[in-house]
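Structure at a glance
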Amino acid sequence: DQQVKQNSPSLSVQEGRISILNCDYTNSMFDYFLWYKKYPAEGPTFLISISSIKDKNEDGRFTVFLNKSAKHLSLHIVPSQPGDSAVYFCAASERGGADGLTFGKGTHLIIQP
Amino acid sequence: NAGVTQTPKFRVLKTGQSMTLLCAQDMNHEYMYWYRQDPGMGLRLIHYSVGEGTTAKGEVPDGYNVSRLKKQNFLLGLESAAPSQTSVYFCASSYSTGGSYEQYFGPGTRLTVT
């Protein structure tokens, strides 16, 4: 059974607008959440993370929101740029990630000019 | 700094053949991981290591073995390859930053088993 779910396989957003990517999880023991970005034929690249003791974390154009009661997190990208077109993976872990990450299936974000 | 490197980048095997995938990191990270990614799926953890000489099973360990004889290297072995092991394999390494472990990934090895 999938513990991390990204229900939108793809998302198309106009350049300059806000991109919102969503992720749901079922394991209440998860305490650390991350977003990775992946281009074709490359490995995933770390984007931003959030601990379960916080509800928001910002890094430049990227903000991650965590709603523990709903077991939901989202990644906001503002403003969206053409280079943001990639597959975005949500990942979660117990004990901070030492024992590995559980990934969602990914959302393909397409930024339209 | 090369970061995390993986060898080889591509490989085609026949069913029943064996091979070893090599992962190397030059960041002095304590923790290393092997994942596989299948089409339309997220990455799934095969095995991981929390230090030199230690290994542990992940979510999908069957058909694979690993070794961590040196801190900078993590080897993934397939003793008898099967078509179900056709996948892209990613290695990652990490270290603790205040109790959390951000993982750095290699570029991947694309393996096809015919």
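Since this is a predicted model, take the numbers as computed values, not measurements.

Residue and element names in this part refer to chain A. Together, Ile-18, Ile-20 and Val-78 give the surface a local cluster of nonpolar side chains, amounting to about 230 Å² of exposed area. Note on placement: Val-78 falls in the loop between β8 (72-77) and β9 (86-93). On the basis of relative accessibility, which here comes to 42%, the residue Val-78 falls in the partly exposed class.

Here we take up the packing of aromatic side chains. Applying the stated criterion to the full structure yields 14 aromatic pairs over all chains. Look at Tyr-33 of chain B and Tyr-35 of chain B: their rings are 6.3 Å apart centre to centre, the planes differ by 35 degrees, and that puts the pair in the tilted class. Put simply, the rings of Tyr-36, Phe-46, Phe-89 and Phe-103 of chain A together with Tyr-33, Tyr-35, Tyr-48 and Phe-105 of chain B pair up and form one aromatic cluster.

In the predicted model, chain B carries a mean pLDDT of 94, and 100% of its residues have values of at least 70. For chain B, strand β10 (residues 100-105) of chain B is the element with the lowest average pLDDT, namely 87, and strand β8 (residues 73-78) of chain B is the one with the highest, namely 98.

Looking now at the interface of chain B and chain A. Contact with chain B, which involves 20 residues of that partner, is made by 20 residues of chain A. In total, chain B and chain A occlude about 1,500 Å² of area from one another, counting both sides; carbon and sulfur atoms represent 60% of this. Here chain B is connected to chain A by zero salt bridges. For the pair chain B and chain A, the interface holds three residue pairs in polar contact (both at pLDDT 80 or more). Of all the secondary-structure elements, those providing two or more residues to the side of chain B that touches chain A are β4 (31-37), β5 (43-51) and β10 of chain B. The element best represented in the side of chain B that touches chain A is β10 of chain B, accounting for five residues. Across the side of chain B that touches chain A, the residue classes break down as 12 nonpolar, seven polar and one charged.

Turning next to the state of the cysteines. All chains considered together, the criterion is met by two disulfides over all chains. The disulfide that involves Cys-23 of chain A links it to Cys-90 of chain A, with 2.0 Å between the sulfurs. Residues Cys-23 of chain A and Cys-90 of chain A share a disulfide whose torsion about the S-S bond is about -75 degrees; that sign makes it left-handed. Taken together, the positions of Cys-23 of chain A in strand β3 (residues 19-25) and Cys-90 of chain A in strand β9 put the pair 67 residues apart, joining distant regions of the chain. The disulfide that involves Cys-23 of chain B links it to Cys-91 of chain B, with 1.8 Å between the sulfurs. Across the S-S bond of Cys-23 of chain B and Cys-91 of chain B the torsion is about -75 degrees, and the bridge reads as left-handed. Within this pair, whereas Cys-23 of chain B is found in strand β3 (residues 19-25), its partner Cys-91 of chain B is found in strand β9 (residues 87-97), the two being separated by 68 residues in sequence. Here Cys-23 of chain B matches Cys-91 of chain B in class, with each residue buried.

About the cut-offs
- Residues numbered from 1 in each chain as written.
- Chains lettered and ligands numbered in written order.
- Predicted model: local features only at pLDDT ≥ 70, side-chain atom pairs only at ≥ 80, totals over all residues.
- Heavy atoms only, no water.
- Patch = residues over 30% accessible without salt bridge, like charges linked within 9 Å, V, L, I, M, F, W, Y side chains within 5 Å.
- Areas by Shrake-Rupley, 256 points an atom, 1.4 Å probe, with all protein chains shown as cover.
- Salt bridge = Lys/Arg side-chain N within 4 Å of Asp/Glu carboxyl O.
- Helix = DSSP H or I, 4+ residues; strand = E, 2+ residues; numbered from the N terminus.
- Buried < 20%, exposed > 50% of the residue type's maximum accessible area, 1.4 Å probe, protein only.
- Phe/Tyr/Trp six-rings, centres within 6.5 Å; stacked < 30°, edge-to-face > 60°.
- pLDDT = per-residue confidence, 0-100.
- Contact = heavy atoms within 4.5 Å.
- Buried area = accessible area lost by both parts, 1.4 Å probe.
- Polar contact = N/O pair within 3.5 Å; in protein donor to acceptor, adjacent residues only side chain to side chain.
- Nonpolar A, V, L, I, M, F, W, Y, C, P; charged D, E, K, R; others polar.
- Disulfide = S-S within 2.5 Å.

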